Amino acid sequence: MKAIVLFGSPGSGKGTQAKLLTECLGLPHVSTGEMLREGIRQGAGVDAAVAAIMHAGSLVSDQVVEAMVEERLGRPDAAKGFVLDGYPRTLAQARHLAGWLEGRGIREVVIHLAVDYNIIIARLTGRRECPRCGTSYNVAFHPPKVDELCDLDGEKLAIREDDREAVIRQRLDAYEGQTRPVLEYLRTARGRVVEVDASNDPPESVYRKIRQALEN
Ligand code: ADP
């Protein structure tokens, strides 16, 4: 059983690394942000209040997210393991997850993607995504060949609703206030936190460091 938790601030590259890991290891990618956005798109399960919280850059309630994750981890495709991305994000969520794992005799590995604050801001403000195929770009670090159009299907690129500047600030505040303390909890109470410097290296090198850490 491989329980991997990708931990890091918004814009630290959790989503990118989670995709690489899940493809290589054949494990499901459990992203609470993606699940919530998908719920909003389908208009099912996630109500307007949750959407409003996300658009403001604040954290959705623990109960909503915990129930969603528990249901997801109970599905058959997660029986051999999973990669958690964006969860746990509060101390309550971390304790809830610890209880769930302990009840099953599983020990998680936490990968902390550490990224310099200024780089985080540049990454988040430059982030674009193709609404059709989901390919990610960044106007500063990884621009499309033609401005604002997807290389693969020519679709006009979109900015995520919560990547506007005021909202980015709120997301980073939520990270500092509610999520960073979780790291200390994971270090002291759970034990296995691997530090990966993810500031300057391209995604493939960060990924190599993660694989190395997982093998050790
Ligand atoms: P990022 O890490 O770049 O902020 P995510 O896609 O992980 O992006 O999350 C987007 C939004 O979804 C968050 O700002 C928050 O509103 C909500 N969210 C995601 N995961 C959680 C969680 N574990 N607890 C509470 N809210 C969450």
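Residues numbered from 1 in each chain as written. Predicted model: local features only at pLDDT ≥ 70, side-chain atom pairs only at ≥ 80, totals over all residues. Heavy atoms only, no water.

Chemist: Which residues make up the packing of helix α4 (residues 62-73) against helix α5 (residues 91-103), and what are the values?
Modeler: Each packed pair of helices is defined by two parameters, the angle between the axes and the distance between the axes. Direction vectors running N to C along α4 and α5 enclose 25°, while the axes themselves pass 10 Å from each other. Judged by the angle between their axes, α4 and α5 are roughly parallel. α4 and α5 meet at a crossing whose hand is right-handed. Contacts from Asp62, Val65, Glu66, Glu70 and Leu73 of α4 reach α5 at Ala92, Gln93, His96, Leu97 and Trp100. Grouping the amino acids of the contact of α4 with α5 by side-chain chemistry returns five nonpolar, two polar and three charged. (Axes fitted to C-alpha atoms, helices over the stretch in contact; angles between N-to-C directions. Helix = DSSP H or I, 4+ residues; strand = E, 2+ residues; numbered from the N terminus. Parallel < 35°, antiparallel > 145°, perpendicular 65-115°, else oblique. Left-handed = near helix turned anticlockwise from the far one by under 90°. Contact = heavy atoms within 4.5 Å. Nonpolar A, V, L, I, M, F, W, Y, C, P; charged D, E, K, R; others polar.)

Chemist: Give a description of the site of the ligand that names residues and reports values.
Modeler: Surrounding the ligand, one finds 19 residues, the nearest of these being Thr32, Ser58, Gly86, Gln93 and Arg171. In the model, a nitrogen atom of the ligand is placed 3.1 Å from a nitrogen or oxygen of the Val60 main chain. Taking Gly86, its main chain carries an N or O atom lying 2.9 Å from a nitrogen atom of the ligand. Coverage of the ligand by the protein amounts to 97% of the 540 Å² it exposes when considered alone. By residue number, the principal contributor to the shell around the ligand is helix α2 (residues 32-42), which donates four residues. Counted by class, the shell around the ligand contains seven nonpolar, five polar and seven charged residues. (Near = heavy atom within 4 Å. Polar contact = N/O pair within 3.5 Å; in protein donor to acceptor, adjacent residues only side chain to side chain. Areas by Shrake-Rupley, 256 points an atom, 1.4 Å probe, with all protein chains shown as cover.)

Chemist: Which residues make up the packing of aromatic side chains, and what values go with them?
Modeler: Within this structure, the stated rule accounts for two aromatic pairs. Judged by centre distance (6.1 Å) and plane angle (70°), the ring pair of Phe82 and Trp100 falls under edge-to-face. A residue pair is termed long-range when its members are at least 10 positions apart, and Phe82 in strand β3 (residues 81-85) and Trp100 in helix α5 qualify at 18 residues. Seen from the ring of Trp100, Arg104 lies directly overhead, with NZ or CZ sitting 3.9 Å from the centre. (Phe/Tyr/Trp six-rings, centres within 6.5 Å; stacked < 30°, edge-to-face > 60°. Lys NZ or Arg CZ within 6 Å of the ring centre and 35° of its normal.)

Chemist: Help me get a handle on empty space enclosed by the protein, residues and values and all.
Modeler: Unfilled space is identified by rolling a water-sized probe across the atoms. One pass over the structure, following the stated rule, counts two cavities of 30 Å³ or more. Surrounding the largest cavity, Leu6, Phe7, Gly8, Lys14, Gly86, Tyr87, Pro88, Arg89, Tyr175 and Thr179 form its lining. Residues of the lining of the largest cavity, tallied by class, amount to five nonpolar, three polar and two charged. Lining the second largest cavity are Glu66, Val69, Glu70, Leu73, Tyr87, His96, Leu97 and Trp100. Elements that contribute at least two residues to the lining of the second largest cavity include exactly α4 and α5. Here the lining of the second largest cavity takes four residues from α4, the largest share from any one element. Residues belonging to the lining of the second largest cavity are distributed by class as follows: five nonpolar, one polar and two charged. (1 Å grid on protein atoms, 1.4 Å probe; cavity = no way out; pocket = protein on both sides within 12 Å on 5 of 7 lines; lining within 4 Å. Points joined across faces, edges and corners; volume = space filled by probe spheres on them.)

Chemist: Run through unusual backbone geometry, naming residues and quoting values.
Modeler: Here Tyr87 and Pro88 are connected by a cis peptide whose omega angle stands at 0°. Checked against the element boundaries, Pro88 lands in the loop between β3 and α5. Unusually for a residue other than glycine, Glu148 sits at a positive phi of about 65°. Relative to the helices and strands, Glu148 is located in the loop between β6 (136-138) and α7 (165-190). By relative accessible area, which is 27% here, Glu148 ends up partly exposed. (Buried < 20%, exposed > 50% of the residue type's maximum accessible area, 1.4 Å probe, protein only.)

Chemist: I'd like a description of the pattern of salt bridges, backed by residues and values.
Modeler: Inspection of the entire model under this criterion finds 21 salt bridges. A salt bridge links Arg190 to Glu108, with the nearest nitrogen and oxygen atoms 2.8 Å apart. With Arg190 in helix α7 and Glu108 in strand β4 (residues 108-114), this pair connects stretches of sequence that are 82 residues apart. For Glu108, a relative accessible area of 5% puts it in the buried group. In this structure, the salt-bridge partner of Glu215 is Arg211, at a minimum N-O distance of 3.8 Å. With Glu215 and Arg211 both in helix α8 (residues 203-215), this residue pair falls four residues apart, about one helical turn. The exposure class assigned to Arg211 is partly exposed, which follows from its relative accessible area of 25%. (Salt bridge = Lys/Arg side-chain N within 4 Å of Asp/Glu carboxyl O.)

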